[in-house]
Structure formats: structure tokens, C-alpha cells
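Residues per chain, in single letters:
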Amino acid sequence: MAGHSKFKNIMHRKGAQDKKRSSMFSKLSREITVAAKMGLPDPDMNPRLRAAIAAAKAQSMPKDNIQRSIDKASRGDAESYEEIRYEGFGPGGVSLIIEALTDNRNRTATNVRTAVSKNGGNLGASGSVSHGFDRMGLITYPASAGDAEKVFEAALEAGAEDVTSSEDGHEIWTEQGALHEVAKALEPVLGEAEGAKLAWRPQTMVDVAEDDAATLFKLIDALDDDDDVQTVWGNYEVADEVMAKLG
């Protein structure tokens with residue numbers, strides 16, 4: 001287990017939290033509703049719902065909004081959302097995995113394909129890039145949860161596989177089936193996690209040049225703006241000096 005690996009957070013680039021608040025709340029609400037509908041509406045008995053609520057709280061989503069999303073699942077009028085995964089390539093040969101929750105498969109497929117093709121990428125068949133990623137559990141904590149040593153020791157004790165700590169926060173990686181067990185074991189030591197979800201961790205990273213990075217970020221922003229798209233994973237790595245130039 002490496003406490004200070006060079007792996008960087010690939011869920012979103014720096015500044016992605018600045019995307020439209022309403023779009024973010026829409027995605028969070030959708031995940032809460034789906035989680036509550038798939039299991040019990042009690043977060044103590046439903047790990048996926050508990051993780052979804054924690055993610056919503058981390059983004060300062062009002063309690064009333066969270067409760068409405070849970071109640072929606074209990075009523076018969078909740079939309080039927082389908083989980084879909086798209087795989088493809090972005091600028092610079094970057095591999096991308098795009099996860100969506102949708103009530104209209106055709107609409108989502110069209111929107112995702114358009115966003116990718118307009119920004120220097122192309123979609124591939126199912127399995128075209130996922131073989132280069134490991135399906136794992138990812139638990140995130142803010143930097144305020146503790147220093148790298150404290151988090152590393154807590155993660156090791158809880159049974160995690162790997163830890164990455166930086167000034168932006170901490171990422172704790174687990175085996176796919178151990179996600180919620182590890183998250184629960186961490187709570188007494190580190191408090192409630194910012195997020196806990198299944199993730200795609202790349203086996204190798206691709207260095208992206210400045211021109212390709214600018215186009216890649218436009219592609220990711222276009223996907224982020226789509227309410228159906230929940231998460232975009234990629235195996236890209238952008239040097240700090242390039243990030244600085246791109247602002």
C-alpha cells in the first residue's frame with residue numbers, strides 16, 4: 001500500500017466544482033432517488049444511499065432537497081432511471097469512461113456522442129477501454145480530515161488497498177466489494193466521508209500536451225453540462241505547468 005503515490009484524482013479536473021450548481025444538484029438528486037429506489041429508503045440500511053447523501057452534503061445540498069429526492073423514490077411517480085456506461089477516446093489518445101443515469105437512452109446516447117465527436121474524440125464499443133482500468137471503491141476526504149500519515153494509518157487499519165494524499169484532499173482506494181465496509185470503519189476515525197462510490201482507476205496514465213489538454217477539458221465540460229452524465233473517468237495526466245497556462 002503506497003501512502004504517497006503519484007496518482008492524481010481523475011474524476012474531475014481542478015475547478016470542476018465551479019460548474020453550474022443547478023446541474024450538480026440535479027445529478028446528486030438523481031443518484032439519491034435511484035439509490036433509494038434500488039434499496040431501502042433508510043441510509044443506515046442502504047450503503048449506496050448513504051454514500052449519495054454524503055456526496056450531496058459535501059456539495060452543500062439543502063436537507064429539504066435530499067429528503068425530497070428520497071421521498072420521490074417511495075412514490076410511484078419517480079422516473080425509471082437506467083445506468084449506462086459509454087467508452088471511448090479523447091484528444092491525445094486518452095481513454096474515457098462516461099457513466100450516465102438516464103430515463104431516455106436515445107437522448108443520452110445522442111448527447112454524449114455529439115459532445116465527444118465535437119471535441120476531438122470518438123466513442124468505441126463496450127469494453128474498448130475499460131480493460132485498461134480497474135473497478136475499485138473510492139472514498140474521498142477533504143484535506144481537513146487529517147494529515148497524510150493519520151489518513152494512511154486509518155485506511156490501513158480499515159482494510160483499504162491504497163491511499164493518495166495531496167493538498168486537495170485524500171483518496172482511499174478499496175477492493176470493489178469492500179467499499180462500504182471500509183467506509184464504515186473509517187467514520188469513527190476520520191468522520192463522514194465526502195464521497196464513497198465505485199470508480200474506474202486507470203492502470204497506466206497518458207501525459208497530455210497543452211493543445212490536447214485544452215480540447216480534452218472542453219470535452220469534459222461539455223459532458224459535465226449534461227444532466228444525464230454522472231461521472232467522467234479518464235487516464236489523463238496534465239502537468240502542473242500546463243494546468244497553469246490553461247488557467
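Residues numbered from 1 in each chain as written. Predicted model: local features only at pLDDT ≥ 70, side-chain atom pairs only at ≥ 80, totals over all residues. Heavy atoms only, no water.

The name recorded for the protein in an unreviewed UniProt entry is Probable transcriptional regulatory protein COA07_09410, from Sphingomonas adhaesiva. In UniProt, the protein has this text filed under Sequence similarities (unreviewed entry): "Belongs to the TACO1 family." In its Subcellular location (unreviewed entry) section, the UniProt entry covering the protein states "Cytoplasm". (UniProt positions renumbered as here; feature names shortened; annotations may be inferred.)

Peer 1: Account for the pairing of strand β1 (residues 82-89), naming residues and giving values.
Peer 2: Relative to strand β2 (residues 95-102), β1 runs antiparallel, the two sharing eight bridges. Paired with E83 across the bridge in β2 is L101. If you look at the hairpin formed by β1 and β2, you'll find five residues sitting between the two strands, and G92 has a positive phi there, around 75 degrees. Of the pairings in the sheet, the one linking β1 to strand β3 (residues 122-124) comprises three bridges and is antiparallel in character. Following the sheet pairing, E87 is matched in β3 by G124. (Pairing = 2+ DSSP bridges. Helix = DSSP H or I, 4+ residues; strand = E, 2+ residues; numbered from the N terminus.)

Peer 1: Please set out the packing of helix α4 (residues 105-117) against helix α7 (residues 210-224) residue by residue, giving values where relevant.
Peer 2: Between α4 and α7, whose axes approach to 9 Å, the crossing angle comes to 165 degrees. When the axis of α4 is compared with that of α7, the two are roughly antiparallel. Every pair of crossing elements has a handedness; the one defined by α4 and α7 is right-handed. Each of V112, A115 and V116 in α4 lies in contact with α7, whose residues at this interface are L219, A222 and L223. The class makeup of the residues in the contact of α4 with α7 is six nonpolar, no polar and no charged. (Axes fitted to C-alpha atoms, helices over the stretch in contact; angles between N-to-C directions. Parallel < 35°, antiparallel > 145°, perpendicular 65-115°, else oblique. Left-handed = near helix turned anticlockwise from the far one by under 90°. Contact = heavy atoms within 4.5 Å. Nonpolar A, V, L, I, M, F, W, Y, C, P; charged D, E, K, R; others polar.)

Peer 1: Now, about the packing of aromatic side chains: what can you tell me, with residues and values included?
Peer 2: Enumeration over the complete set of coordinates arrives at one aromatic pair. Between F217 and Y236 the ring centres are 6.4 Å apart and the planes differ by 75 degrees, which places this aromatic pair in the edge-to-face class. Of the two residues, F217 sits in helix α7 while Y236 sits in strand β10 (residues 236-237), which places them 19 residues apart along the sequence. Of the two residues, F217 and Y236, both sit in the buried class. In this structure, R201 packs its charged tip against the face of W173, placed 4.8 Å from the ring centre. (Phe/Tyr/Trp six-rings, centres within 6.5 Å; stacked < 30°, edge-to-face > 60°. Buried < 20%, exposed > 50% of the residue type's maximum accessible area, 1.4 Å probe, protein only. Lys NZ or Arg CZ within 6 Å of the ring centre and 35° of its normal.)

Peer 1: Provide a residue-level description of the sheet that holds β3, including the pertinent values.
Peer 2: Overall, antiparallel pairing links the four strands, which are arranged β3-β1-β2-β9 in an open sheet. With one partner strand each, in any of the chains shown, β3 and β9 (229-234) form the two edges of the open sheet. Ignoring strand direction, the axes of neighbouring strands in this sheet form an average angle of 30 degrees. Contacting β2 and β9, α7 crosses the sheet at an angle of about 155 degrees to β9.

Peer 1: Quick one: what's the story with the pairing of strand β7 (residues 195-202), residue by residue and with numbers?
Peer 2: Of all eight residues that make up β7, six are buried, and the element is covered over most of its length. Relative to β7, strand β4 (residues 133-141) runs antiparallel, the two sharing eight bridges. For F133, the partnering residue across the bridge sits in β7 and is P202.

Peer 1: Report on the nonpolar core, specifying residues and quantitative values.
Peer 2: One broad trend across soluble globular proteins is that nonpolar side chains are buried collectively. I98, V112, L223, Y236 and V238 are the most contacted members of the largest nonpolar core, which totals 23 residues. Contributing elements (two or more residues each) for this core: β1, β2, α4, α7, β9 and α8 (240-246). The element best represented in this core is α7, accounting for six residues. One finds A158, I172, A183 and A196 within the second-largest nonpolar core, a separate group that totals 20 residues. (Core = buried A, V, L, I, M, F, W, Y, C linked by side-chain atoms within 4.5 Å.)

Peer 1: Outline helix α3 (residues 63-74), listing residues and values.
Peer 2: Taking 1.5 Å per residue as the helical rise, α3 with its twelve residues ought to reach 16 Å, and the 17 Å between its terminal C-alpha atoms agrees with that figure. Among all positions of α3, only N65, I66, S69, I70 and A73 are buried. Buried residues of α3, viewed axially, fall in a sector of 135 degrees; they line one side. For α3, exposure combined with an orientation more than 90 degrees from the buried face picks out K63, D64, R68 and S74. (Expected span 1.5 Å × (residues − 1). Arc of directions from axis to C-beta.)

Peer 1: Provide a residue-level description of the environment of R107, including the pertinent values.
Peer 2: Structurally, R107 is set in helix α4. Between the alpha carbons of R107 and D228 there is a distance of 9.2 Å; along the sequence they are 121 residues apart. What R107 contacts, discounting residues up to four positions off in sequence, is T102 and D228. In this structure the side chain of R107 is engaged in a polar contact, spanning 2.9 Å, whose partner is the side chain of D228. (Polar contact = N/O pair within 3.5 Å; in protein donor to acceptor, adjacent residues only side chain to side chain.)

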